[in-house]
Amino acid sequence: MRYLHTMVRVSDLDESLKFYCDKLGLIETKRYESEKGRFTLVFVAPPGQEDRTLELTFNWDPEDYTEGRNFGHVAFEVDDIYATCQKLMDAGVTINRPPRDGHMAFVRSPDNVSIELLQAGGALPPREPWESMENTGHW
């Protein structure tokens, strides 16, 4: 058995690509459009890890999706959790669970899919403003 990808449904493909590519730093690796099925699939992945993809499924006909929390979450390992969270905050992303412990944070995509960020190689020493930052919403 070999892992292939994780799929999440998105309601606004452009907003989702801004989040996953422009803000999180993933790259688009493949795109497939089906006129007959009325959907677009866009695969994104961390640079250099194109075999670890996230499939963004956009159905052309509007549909209300339940909050992504019933999906669980997507996790990414980052080189510097504090720098990553600061970059996301500067881009207007809410840090729902700040990296108070220097190890883990959560943000949400435009479709409320929980995104877990984990510090590579073990926790960084706790530091401000993260250490005293409160949770916002849920993740």
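Structural data are supplied above this passage.
Parameters and conventions
Residues numbered from 1 in each chain as written. Predicted model: local features only at pLDDT ≥ 70, side-chain atom pairs only at ≥ 80, totals over all residues. Heavy atoms only, no water. Core = buried A, V, L, I, M, F, W, Y, C linked by side-chain atoms within 4.5 Å. Buried < 20%, exposed > 50% of the residue type's maximum accessible area, 1.4 Å probe, protein only. Helix = DSSP H or I, 4+ residues; strand = E, 2+ residues; numbered from the N terminus. Contact = heavy atoms within 4.5 Å. Pairing = 2+ DSSP bridges. Axes fitted to C-alpha atoms, helices over the stretch in contact; angles between N-to-C directions.

Asker: Sorry if this is basic, but what is going on with the nonpolar core here?
Answerer: For soluble globular proteins, nonpolar side chains are generally found buried alongside one another. Within the largest apolar cluster, 29 residues are counted, with the highest numbers of intra-cluster contacts made by Tyr-20, Leu-24, Val-44, Leu-56, Ile-115 and Leu-117. Looking at this core, the elements with two or more residues in it are helix H1 (13-23), strand E3 (39-45), strand E4 (53-59), strand E5 (73-78), helix H2 (81-90), strand E7 (104-108) and strand E8 (114-119). Discounting residues that sit within four places of it in the chain, Leu-117 has contacts with Leu-24, Phe-76, Val-78, Ile-81, Thr-84, Cys-85, Leu-88, His-103, Met-104 and Ala-105.

Asker: Got a minute to help me understand the sheet that holds E5 in this structure?
Answerer: Sheet strands line up and pair through hydrogen bonds in the backbone, either parallel or antiparallel. The mixed open sheet is built from four strands, whose spatial order is E5-E8-E7-E6. Pairing within the sheet leaves two strands with one partner each, and these edge strands are E5 and strand E6 (95-97). Averaged over neighbouring strand pairs, the angle between their axes works out to 35° when direction is ignored. Inspection of the sheet shows E5 paired to E8 by six bridges, in the parallel sense. The residue bridging Phe-76 from the neighbouring strand is Leu-117, located in E8. Each of E5, E6, E7 and E8 touches H2; the most contacted strand, E8, lies at about 145° to it.

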